[in-house]
Each structure stands twice: as C-alpha cells, then as structure tokens.
Amino acid sequence: MAIRDVLMRQDLALTPSEEKIVRLLLTDYPGAGLGSASSLARRAGVSDPTVVRLAVKLGYEGYPDFQAKLLAEVEARLHSPLLMMEAKRPSGSEDNPILAYLASVDEAMGKAASITPLTTYDRTARLIMEAKGDIVLVGGRFSRHVAGMFAGYLLQFRANVRDIGVLSSQSLDILADLGRKDVLVVFDYRRYQLDVVSFARQAAARDVRVVLFTDQWLSPVAEFAETTIVSPLEVASPYDTLAPAIAQMEALTAHILSTLGDESRARIERLEEVRHANAVTLDEPSQDGARTTPGPKSPRQDRKQ
C-alpha cells in the first residue's frame, strides 16, 4: 500500500497531535517526510516522540523504517526506462518474452479492477456529464493519446469537449477562459510531466474541477484533484503499460453510456445522421459482401432524378 494511502486510512484513531503530523505529511507529500523526525516534529508543532509513535501506529517499525519506505516510493516514482532496463534484465527464463509480457499486462489489468473504488467512477461520471461549462482534456507524452480517445468518446455524449493535445504556448491561453463551471481531465503517469502538472495547478487555482487518471505513486495533481482513478503500470518491460489506463477510461465511458438521458441519446442519433449523410463510415453491405455507405449525391445526380 502506498504511504499516502496508509496516511488516509479511515480506521486510524489519531490524537490531535498525530493529526497535525498526518496533515503536514499529506500537504507536503513526500517532502515533509524526507527530513529527520525532529524536523518533522518542529514543522508540525509536536514532540519528537509523537512522530515516532505515529510511525509505529501506522504499521512501521519506527520513523527510520517509515522514511525508508517513503524513499523507496519516491525512487519508484522517478524510474526512467533506462533505469528499468537494468532492473528488468532477462532472468534466463525460457519463457517467450511476448507471452511473459502479455501475462504481466493481464495481471496489471486484474489489479486495476480493485485499486480504485467504484464510487470514484460514479463521482467522476457525474462531474463530467453534469458540468455546465467545458470538458478539457490534457495528458503527457504518451498519455495524451488516451486523453484524445476519451475526448472522442465524450463528444458522442455531450458538447463542449476540448482535447488540448500537445501543450504549447497557445494552448496555455485556454486557462484564461476556464472557471468553476468547467472540468479538467488530466492523464499523468510517472515520470510526471511538469507542464501538465503546472497547467492543472493553474486551472485548479481558477476553481476548475479536476479529474485525474494516474498511477499508484500518484501524480502531484492528486493534491488538488477532486477524483483520482489509479492504474497499475508495472509489467515485464522497461516501459510502463497504459493498457489498464485505457481499460479504466473505457470502463468510465461504459458507465456514462449506461446513465445517458434522452438528450444525450438524441445527440448520438444526430451524429449518426450527419455521418451517414456524409458517407463517413461503411454501413451497408455491397453485393460482394463488403460494407459500403452511399455518399452525398452530386448536383448532376440530382438533376437526373
């Protein structure tokens, strides 16, 4: 369990002094826990023994054990593919690397089903579909493609969906028009992207409600996100997988679809009419078995009929 999750356990019976320490650790996470016990006690306004007692109450052998776990978590958050190439060298096993990788993705998908409460999906769906303003989506180097997929789904259900794509100086101007009626959906996985975090932080400062898709180590955006959907990333590869993230995004889409009202269904019907009128997709089988869609008639065809 991530240390942040340990600190947020609802079954912890904390004294007022211990609450001060936990509040500080969560507010300045993970930095507040990287110094000495005396430094943490001084910042929280409590005694040194209180810090030690809290560490034991949280399930650690003492403050040094707590700090060692925190340091390991920080190191894991910062792992690059280059570092993981060393950590995940082939072990000499004769297993096919493709099958081994697919098996590890399957395991990660299984973890994804239990790592985020179902109520979080429900709250996220309501935030998005009940928003009175825009839904803006942003992601990192790879995760922005997942954001783009989600934007494509959401456009089926509601208007005013904006996929930023690659963050640039021009896309930063969007911040000037955002406010409390809008929702920002952020996809940010380790190694967290500074421009994505900065954009989200500035949006939150303008009272934009933030939805976050991230990993078990939590992007810094989690500090101010209203809902957070967590995905396991580690597989049998130096590169993290986004397969569970895509599945979670599609699961949220399926949940939204199951709750649609008449207005959203009417929008989907209008979109289908537009696509059919403009021959966007293959809808009708031809004589050879392929599916075709008649395109819009030309003026000459109209004159002949």
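Provided above is the structure to which this section pertains.
Overview of the structure. (Residues numbered from 1 in each chain as written. Predicted model: local features only at pLDDT ≥ 70, side-chain atom pairs only at ≥ 80, totals over all residues. Heavy atoms only, no water.)

Here we look at empty space enclosed by the protein
- Throughout the structure, instances matching the rule amount to one cavity of 30 Å³ or more.
- In this model, the largest cavity occupies a volume close to 40 Å³.
- Along the walls of the largest cavity sit Ile21, Leu25, Leu40, Val51, Leu54, Ala55, Leu58, Tyr63 and Phe66, which together make up its complete lining.
- Every element with two or more residues in the lining of the largest cavity is listed here: helix H2 (16–27), helix H4 (48–57) and helix H5 (63–77).
- Ranked by the residues each element gives to the lining of the largest cavity, the list is headed by H4, at three residues.
- Its residues assigned to classes, the lining of the largest cavity comprises nine nonpolar, no polar and no charged. (1 Å grid on protein atoms, 1.4 Å probe; cavity = no way out; pocket = protein on both sides within 12 Å on 5 of 7 lines; lining within 4 Å. Points joined across faces, edges and corners; volume = space filled by probe spheres on them. Helix = DSSP H or I, 4+ residues; strand = E, 2+ residues; numbered from the N terminus. Nonpolar A, V, L, I, M, F, W, Y, C, P; charged D, E, K, R; others polar.)

Concerning the side chain of arginine 190
- With respect to the helices and strands, the residue arginine 190 is situated in the loop between strand E3 (183–187) and helix H11 (194–205).
- At 2.9 Å, the side chain of arginine 190 forms a polar contact with the side chain of aspartate 240. (Polar contact = N/O pair within 3.5 Å; in protein donor to acceptor, adjacent residues only side chain to side chain.)

A word on the sheet that holds strand E4 (residues 209–215)
- Strand order in the open sheet formed by five strands is E2-E1-E3-E4-E5, with parallel pairing between adjacent strands. Here the strands that pair on one side only, and so sit at the sheet edges, are strand E2 (161–163) and strand E5 (227–231). Neighbour-to-neighbour, the strand axes of the sheet open up by a mean angle of 15°, direction not taken into account.
- With five bridges joining them, E4 and E5 adopt parallel strand pairing. Bridging from a neighbouring strand, leucine 212 pairs with threonine 228 of E5.
- Across the face of the sheet, helix H9 (residues 143–157) comes into contact with strand E1 (135–139), E2, E3 and E4 while running at roughly 160° to E1. (Pairing = 2+ DSSP bridges. Axes fitted to C-alpha atoms, helices over the stretch in contact; angles between N-to-C directions. Contact = heavy atoms within 4.5 Å.)

Section: a nonpolar patch on the surface
- Taken together, Ile98, Leu99 and Leu102 make up a surface patch of nonpolar side chains, about 330 Å² in accessible area.
- Mapping isoleucine 98 onto the fold places it in helix H7 (residues 97–115).
- The exposure class assigned to isoleucine 98 is exposed, which follows from its relative accessible area of 56%. (Patch = residues over 30% accessible without salt bridge, like charges linked within 9 Å, V, L, I, M, F, W, Y side chains within 5 Å. Areas by Shrake-Rupley, 256 points an atom, 1.4 Å probe, with all protein chains shown as cover. Salt bridge = Lys/Arg side-chain N within 4 Å of Asp/Glu carboxyl O. Buried < 20%, exposed > 50% of the residue type's maximum accessible area, 1.4 Å probe, protein only.)

Brief notes about H2
- The terminal C-alpha atoms of H2, which comprises twelve residues, lie 16 Å apart, in line with the 16 Å expected from a rise of 1.5 Å per residue.
- Every buried residue of H2 is accounted for by Glu18, Ile21, Val22, Leu24 and Leu25. End-on view of H2: buried residues confined to an arc of 160°, all on one side of the axis. Every exposed residue of H2 that faces more than 90 degrees away from the buried side is listed here: Pro16 and Thr27. (Expected span 1.5 Å × (residues − 1). Arc of directions from axis to C-beta.)

Description of unusual backbone geometry
- Along the chain, arginine 190 connects to arginine 191 via a cis peptide bond; the corresponding omega equals -10°.
- Of note, arginine 191 is situated in the loop between E3 and H11.
- Here asparagine 160, not a glycine, exhibits a phi torsion of approximately 65°, which is positive.
- For asparagine 160, the position within the fold is in the loop between H9 and E2.

A closer look at the packing of H2 against helix H3 (residues 37–44)
- Where H2 meets H3, the closest approach of the two axes is 9 Å, and the angle between their N-to-C directions is 100°. Here H2 lies roughly perpendicular to H3, going by the angle between them. Residues Lys20, Ile21, Leu24 and Leu25 of H2 pack against Leu40, Arg43 and Ala44 of H3.
- Among the residues forming the contact of H2 with H3, the class breakdown is five nonpolar, no polar and two charged. (Parallel < 35°, antiparallel > 145°, perpendicular 65-115°, else oblique.)

So, H9
- Here H9 is 15 residues long and its end C-alpha atoms lie 22 Å apart, about the 21 Å a rise of 1.5 Å per residue gives.
- Taken residue by residue, H9 has Ser143, Val146, Ala147, Phe150, Ala151, Leu154, Gln156 and Phe157 as its buried positions.

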